[in-house]
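Read off the chains here:
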Amino acid sequence: MTDRVLNCGYVPLVDCAPLVIARELGFAAEEGLALNLVAQPSWSALRDMLALGHLDAAHMLSPMPVAMSIGLGGLSAQIDALMVLSVNGTVFGVSNGIAAELGEVRFGDALGLLKALAARRSGPLRIGVPFHYSMHRLLMNYWTSSLEGLRIEEITVPPPRMADAVAEGFVDAFWVGEPWGSVAVQQNVGRLMMAGQDVWNFAPEKVLAVRHDWADTNEDTARRVMRAVYRASAWLDARTNRTLAVEILARSEHLSMSPDLIDPALSGQITPLLNHAPEAVARFVQFHKHAASFPWRSQAAWIAQQLGADPAGIQKAKACFRSDLYRQNLSGIGADMPGASEKVEGALRYETAVASTAGHMILAPDAFFDGRTFDFPAEN
Amino acid sequence: MNRDLRILVVEPDPERVLGIINALTDAGWSDVKALAQISALDRTVREFKPDIVLIDLTNPDRDTLEHISFATETSKRAVALFVDQTDDALTQAALNAGVSAYVVDGLKMERIKSVLETAIARFKVMRQMQSELDAAKQALEDRKTIDRAKGILMRQRTLSEDEAYTLLRKTAMGQNRKVIDVAQALVTAADLLS
């Protein structure tokens, strides 16, 4: 049997791990799939290549399919998220100069940090983010807009250049995915203050995206890639596989990063400041557990709302997180499914058992730092 | 013909910039500006107010450019060319040549078509030259490695140069590998053992 070729774009970040593992450990091959991973120089390029048919699938920032589907940003197209590739996995840090001004703020104290930043009497805080349509930017806006008086300026910086941008004074602070936060610490240019989940406990970070019409006409290939990635994610989240996972990712030509840059994210041991003890961050990056790969329609709705969508746009966004395909394609391989495809985002403060096809499953906390909840009822 | 468009080229390599500007001025556009440093992009876009921005598809600064295009406080906004998919052949040609263009909203496709065709042709040539240059560099590197491997064999096994090369080739064929791979392995091993 000839393997079906799937060209999948990605940006070399730790959270592309499910794709790399699906390929390197043969989960894709088991599905009769030749998973061809194509590195992309920027999110804009990845978007264009996917939308214009040069890629079949892509590792995408979770707000991108939503933005494109509701017609925001550089290029609109009907793009679907087949599944969530990773939850959380980003860090917020400040330059050494700002860190000195802030004084003692406990790592992960989102509210305390916000107040300390607002108390500075100077110009707007220039925050580097990788892309306008990123969870980084949405969390940054959500977090900073909750306190009046803190002025910020958003500056787009490609992640590999984030540490330099801090060192050269282009930005005062940065919100970036691993390993680039750890790189800034290793280069001693900044201090990490919190992880993304300190603002939203369970934020969908990257998704596996395809064109809507591609998903319709390539049902079988879509099922194969979803199964392969699902198995890879389950493998990645098993604690006993962690060391091996770091080795495989580091050796893979697709990432080419040293193991000590990959390890902090996978182990959840984040070193905030050079030569200091790491902070243990629970669920720093989650691939599989707690239904992490399930594309909740309410997550898409939250993203759309943050992007300023109207009720019609929110419904459109919901439709592009394909929990229907997730159920259809993964039930057959024993994936446990939550009873509903939407939840009240922000409602869970603790690990909570909910109804699932296998009886019950444990969902992880998904609270926001300010305790708000978001309910997006279906339109009748 | 409309030759009054303001064109901004974002490209760090001075030789490539010169190539693009020459191609555009030869075709009749004179209002062309080049920018190497992305840090000055924001100000340049505001002050120069380009009608079209040309940037290599593989340039990582594209994400920054997009954001600045959205945020620029003018009534006109620059959008990626690919939005306008009315001319699919041109879009695909641009994609294949590796050029992405940002066009200020409201400009008609006919007005920018000739700019793009000029740019596409130029980018194609540059891409070709780049891959030839890369191939030439690689060939030179490979030859150095093979020469070192031959030298090691000549010393260790007192072979002539021809015999050393024959041995390398035979080994490569026997293992179904390339001569350069065998040579590289030998050089690495010799470095480890020395």
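Residues numbered from 1 in each chain as written. Chains lettered and ligands numbered in written order. Predicted model: local features only at pLDDT ≥ 70, side-chain atom pairs only at ≥ 80, totals over all residues.

Draft legend 1. Geometry of the overall build of chain B. Of regular secondary structure, chain B possesses seven helices and five strands. Start at the N end of chain B and walk to the C end: the helices and strands fall as β-α-β-α-β-α-β-α-β-α-α-α. Within chain B, the proportion of its 194 residues that are buried is 32%. A separation of at least 24 residues holds for 64% of the contacts in chain B among residues at least 6 apart in sequence. (Helix = DSSP H or I, 4+ residues; strand = E, 2+ residues; numbered from the N terminus. Buried ≥ 20, exposed ≤ 12 C-beta atoms within 10 Å, placed from the backbone. Contact = placed C-beta atoms within 7 Å.)

Draft legend 2. Main features of the overall build of chain A. From N to C terminus, chain A includes 16 helices and 15 strands. With respect to the principal axes defined by its C-alpha atoms, chain A has extents near 65 × 50 × 40 Å. Classification of the 380 residues of chain A by burial places 55% in the buried group. The long-range share in chain A, meaning contacts at least 24 apart out of those at least 6 apart in sequence, stands at 75%.

Draft legend 3. Examining the interface of chain B and chain A more closely. Between chain B and chain A, the residue contacts involve 18 residues of the former and 17 residues of the latter. When contributions to the side of chain B that touches chain A are tallied by element, the ones reaching two or more residues are helix H3 (62–71), strand E4 (78–80) and helix H4 (88–97) of chain B. Sort the elements by how many residues they give to the side of chain B that touches chain A and H3(B) lands first, with six residues. Counted by class, the side of chain B that touches chain A contains eight nonpolar, six polar and four charged residues. (Nonpolar A, V, L, I, M, F, W, Y, C, P; charged D, E, K, R; others polar.)

Draft legend 4. Examining the confidence of the model for chain B more closely. All names here are of chain B. Confidence along chain B averages 83 in pLDDT terms, with 87% of residues attaining 70 or more. Model confidence for chain B, summarised as mean pLDDT per element, is weakest for E4 at 60 and strongest for helix H6 (residues 161–174) at 94. Of the two predicted TM-score estimates for the complex, the pTM is 0.87 and the ipTM is 0.84. (pLDDT = per-residue confidence, 0-100.)

Draft legend 5. Local environment of the packing of helix H11 (residues 219–237) of chain A against helix H16 (residues 323–330) of chain A. All names here are of chain A. Where H11 contacts H16, the axes come no closer than 10 Å and their chain directions differ by 80 degrees. As the angle between them shows, H11 and H16 are arranged roughly perpendicular. Here H11 contributes Ala222, Arg223, Met226, Arg227 and Tyr230 to the contact with H16, which in turn contributes Leu325, Asn329 and Leu330. Partitioning the contact of H11 with H16 into residue classes produces five nonpolar, one polar and two charged. (Axes fitted to C-alpha atoms, helices over the stretch in contact; angles between N-to-C directions. Parallel < 35°, antiparallel > 145°, perpendicular 65-115°, else oblique.)

Draft legend 6. Highlighting the nonpolar core. If you look at the biggest cluster of nonpolar residues, it comprises 167 residues, and the most contacted ones within it are Met83(A), Ala209(A), Val229(A), Ala304(A), Ala317(A) and Leu54(B). Residue contributions to this core peak at nine residues, all from H11(A). In contact with Ala304(A), other than residues within four places in its own chain, are Val66(A), Ile70(A), Ala309(A), Gly313(A), Ile314(A) and Ala317(A). In this structure, Ile146(B), Leu153(B), Ala164(B) and Leu186(B) belong to the second largest nonpolar core, which totals seven residues. (Core = buried A, V, L, I, M, F, W, Y, C linked by C-beta atoms within 7 Å.)

Draft legend 7. The domain arrangement of chain A, seen in detail. Residues and elements named next belong to chain A. Along its sequence, chain A is carved into domain 1 (4–87 + 204–266 + 285–337) and domain 2 (90–202 + 271–280). Breaking the side of domain 1 that touches domain 2 down by element, the ones donating at least two residues are helix H4 (63–69), helix H13 (259–267) and helix H14 (297–306). The element that contributes the greatest number of residues to the side of domain 1 that touches domain 2 is H13, accounting for four residues. The residue makeup of the side of domain 1 that touches domain 2, split by class, is 14 nonpolar, four polar and two charged. (Domains from an automatic or database assignment.)

Draft legend 8. Molecular detail of the sheet that holds strand E3 (residues 57–61) of chain A. All names here are of chain A. One open sheet accounts for six strands, arranged E2-E1-E3-E10-E4-E13; its pairing is mixed. The open sheet has two edge strands, strand E2 (33–39) and strand E13 (285–286), and neither has a second partner. Across two bridges, strand E4 (residues 79–88) lies against E13 in antiparallel orientation. Following the sheet pairing, valine 87 is matched in E13 by glutamine 286. (Pairing = 2+ DSSP bridges.)

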